[in-house]
Amino acid sequence: MTELRIAIVGFGKIARDQHVGAIAAVEGATLTAIASRNASLPGLPHFATVEELLEKGPPIDAVSLCTPPQVRRAQAAAALAAGKHVMLEKPPGTGVAELDPLIAMAAKAKRTLFATWHSRHAPAVEPARQWLSERRIKSVHINWKEDVRVWHPGQGWIWEPGGLGVFDPGINALSILTRILPKPVFVTAAEMAFPSNCQAPIAANLTLADIDGLPVTAEFDFRQTGPQSWDILVETDRGRLTLSGGGRRMAIDGNIVAEAPDEEYRELYRRFVKLAATGASDVDLAPLRLVADAFLLGRRTVVEPFVD
């Protein structure tokens, strides 16, 4: 197998914590360079920008964009124009429509564009989807709450337009939801709490449904301290399914039936290597559309300012 030579663009917390180790563990992938204004990795060529990487860097086949979403569209366009495959960290962009030109560019160039949803690769997600496919679902509730100071320390971009605020983690829950349910869902109402000094919400409550009226509710909050909550509860005609730990653990009526170590990012890179081998793309925008609709439909309240 020919190695897929990958450069990481944007070397912040998620790149250091997840992407570097995942690439090292995946057969057929090798980390070749880093492009970042503020960080580097000893032993690898370093460049300040993706443009400098593409002009002066070593030979690469692909870029993995781990930069804030506000700048990813232009970076992805530059990489595709240079004939590189592109992996997009989630969310894939700041809006839905900006992905369309990138999809077209990738198709024309016969290069891969991969919009990743790492939580879909949590070990209990597929068992949950299979279990639910054989049952009548009665209701769904998402409880997704975490401490922004732990997971996004000093990351001011998350509070700016396009940064998504609490939807940055919340979209992980929506990516699982849109994978495990048999029918598409849509937002019917939303309430969002905006700190008085921020342009993105710190908390949100969503009401969703499918075409048959399945009731789905979601609570997202960035202000949770202590134990973190990443849970999805599904009531069916034959028991309650609980996905906890962000999709790593599945229980039926309180009894754990599936649990495994986290390999979400390794699975992403395994998928990226396979896609790049043929130039195929994978760009599912369903989770991003739900967030966009929440902003369209949502009622907004102003709460106390956020101080990191």
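To be clear, the structure that these remarks concern was listed above.
Residues numbered from 1 in each chain as written. Predicted model: local features only at pLDDT ≥ 70, side-chain atom pairs only at ≥ 80, totals over all residues. Heavy atoms only, no water.

**Student:** Is there a simple way to explain the side chain of glutamate 98 in this structure?
**Tutor:** In this fold, glutamate 98 is placed in the loop between strand E5 (85–88) and helix H4 (99–109). For the buried residue glutamate 98, which engages in no salt bridge, the nearest side chain bearing the opposite charge is arginine 73, 4.0 Å off. Polar side-chain contacts of glutamate 98 include one of 2.9 Å to the backbone nitrogen of threonine 94. In contact with glutamate 98, not counting residues within four places along its chain, are Pro69, Arg73 and Gly93. (Helix = DSSP H or I, 4+ residues; strand = E, 2+ residues; numbered from the N terminus. Buried < 20%, exposed > 50% of the residue type's maximum accessible area, 1.4 Å probe, protein only. Lys, Arg positive; Asp, Glu negative; His and termini not counted. Salt bridge = Lys/Arg side-chain N within 4 Å of Asp/Glu carboxyl O. Polar contact = N/O pair within 3.5 Å; in protein donor to acceptor, adjacent residues only side chain to side chain. Contact = heavy atoms within 4.5 Å.)

**Student:** Where do I start with the sheet that holds strand E10 (residues 216–221) in this structure?
**Tutor:** Whether parallel or antiparallel, the strands of a sheet pair through hydrogen bonds between backbone atoms. In space, the nine strands of this open sheet follow the order E14-E13-E12-E11-E7-E10-E9-E8-E15, with mixed pairing throughout. Each edge of the open sheet is held by one strand with a lone partner, namely strand E14 (255–259) and strand E15 (299–303). The sheet shows a mean angle of 15° between the axes of neighbouring strands, taken without regard to direction. Here strand E7 (residues 137–145) runs beside strand E11 (residues 229–236); their pairing, made up of eight bridges, is antiparallel. Paired with valine 140 across the strands is valine 234, a residue of E11. Helix-sheet contacts for helix H5 (residues 125–132) involve E7, E11, strand E12 (239–244), strand E13 (249–252) and E14, and the interaxial angle to E12 is about 160°. Across the sheet, helix H7 (residues 167–180) touches E7, strand E8 (185–195), strand E9 (203–210), E10, E11 and E12, and the angle it forms with E7 is around 155°. (Pairing = 2+ DSSP bridges. Axes fitted to C-alpha atoms, helices over the stretch in contact; angles between N-to-C directions.)

**Student:** Looking at this structure, I do not really get helix H8 (residues 264–278). What am I missing?
**Tutor:** Along an α-helix, residues three or four apart share an orientation, since each turn contains 3.6 residues. For H8, built from 15 residues, the straight-helix expectation of 21 Å at 1.5 Å per residue is met to within 8% by its first-to-last C-alpha distance of 22 Å. What H8 keeps buried is the set Glu264, Tyr265, Leu268, Tyr269, Phe272, Val273, Leu275 and Ala276. At the C-terminal side of H8, glycine 279 shows a positive phi close to 75°. (Expected span 1.5 Å × (residues − 1).)

**Student:** Help me understand the packing of aromatic side chains, please; the structure alone is not making it clear to me.
**Tutor:** The description of an aromatic ring pair rests on the distance of the ring centres and on the angle between the ring planes. Going through the model one piece at a time under the given rule, you end up with seven aromatic pairs. Note on tryptophan 151 and tryptophan 230: the rings are 5.6 Å apart at their centroids and 70° apart in plane angle, and the pair reads as edge-to-face. Of this pair, tryptophan 151 sits in helix H6 (residues 148–151) while tryptophan 230 sits in strand E11, and the two are 79 residues apart along the sequence. Aromatic side chains tyrosine 269 and phenylalanine 272 sit 6.5 Å apart centroid to centroid with 65° between the ring planes, which places their arrangement in the edge-to-face category. Highlighted residues: tyrosine 269 and phenylalanine 272, both in helix H8, separated by three residues, approximately one helical turn. The residues tyrosine 269 and phenylalanine 272 share a single accessibility class, namely buried. (Phe/Tyr/Trp six-rings, centres within 6.5 Å; stacked < 30°, edge-to-face > 60°.)

**Student:** Quick question: what am I supposed to make of the sheet that holds strand E1 (residues 4–9) here?
**Tutor:** Taking strand neighbours across the sheet as the criterion, the six strands line up as E3-E2-E1-E4-E5-E6 in an open arrangement whose pairing is parallel. Of all strands in the sheet, those bounded by a partner on one side alone are strand E3 (46–47) and strand E6 (113–115). Bridging between strand E2 (residues 29–35) and E3 involves two bridges; their strand directions are parallel. Bridge pairing links alanine 35 to phenylalanine 47 in E3. Each of E1, E2, strand E4 (62–65) and E5 is contacted by helix H1 (residues 13–25), which is oriented at about 175° to E1, the strand it contacts most. Across the sheet, helix H3 (residues 72–81) is in contact with E1, E4 and E5; its angle to E5 comes to roughly 160°.

**Student:** Even after reading the chapter, I still don't get helix H9 (residues 286–297), so can you show me in this structure?
**Tutor:** Between its first and last C-alpha atoms H9 spans 16 Å; for twelve residues at 1.5 Å apiece the expected length is 16 Å, and the two agree. Buried within H9 are the following residues: Ala286, Pro287, Leu288, Leu290, Val291 and Ala294.

**Student:** I tried to follow the pairing of E13 on my own but got confused; where do I start?
**Tutor:** Of the strand pairs in this sheet, E12 and E13 are connected by four bridges, and their pairing is antiparallel. Each residue of the ladder has a partner; that of threonine 242, found in E13, is alanine 251. The hairpin turn running from E12 into E13, its antiparallel successor, is four residues long, and glycine 245 in that turn takes a positive phi close to 65°. Summarising the sheet, E13 and E14 pair through four bridges and their orientation is antiparallel. Residue alanine 251 lies in a different strand from E14, and its bridge partner there is isoleucine 256. From the end of E13 to the start of E14, which pair antiparallel, there are two residues, and aspartate 253 there has a positive phi angle of about 50°.

**Student:** Explanation requested: the pairing of E10 in the structure shown.
**Tutor:** Looking along a regular strand, one sees the side chains alternate between the two faces of the sheet. Strand direction decides the pairing type here: E7 and E10, joined by six bridges, are parallel. Counted as the bridge partner of lysine 145 is aspartate 221 from E10. Strand direction decides the pairing type here: E9 and E10, joined by six bridges, are antiparallel. Counterpart to alanine 203 in the pairing with E10 is aspartate 221. Between the end of E9 and the start of E10, which pair antiparallel, lie five residues, with glycine 213 showing a positive phi angle near 90°.

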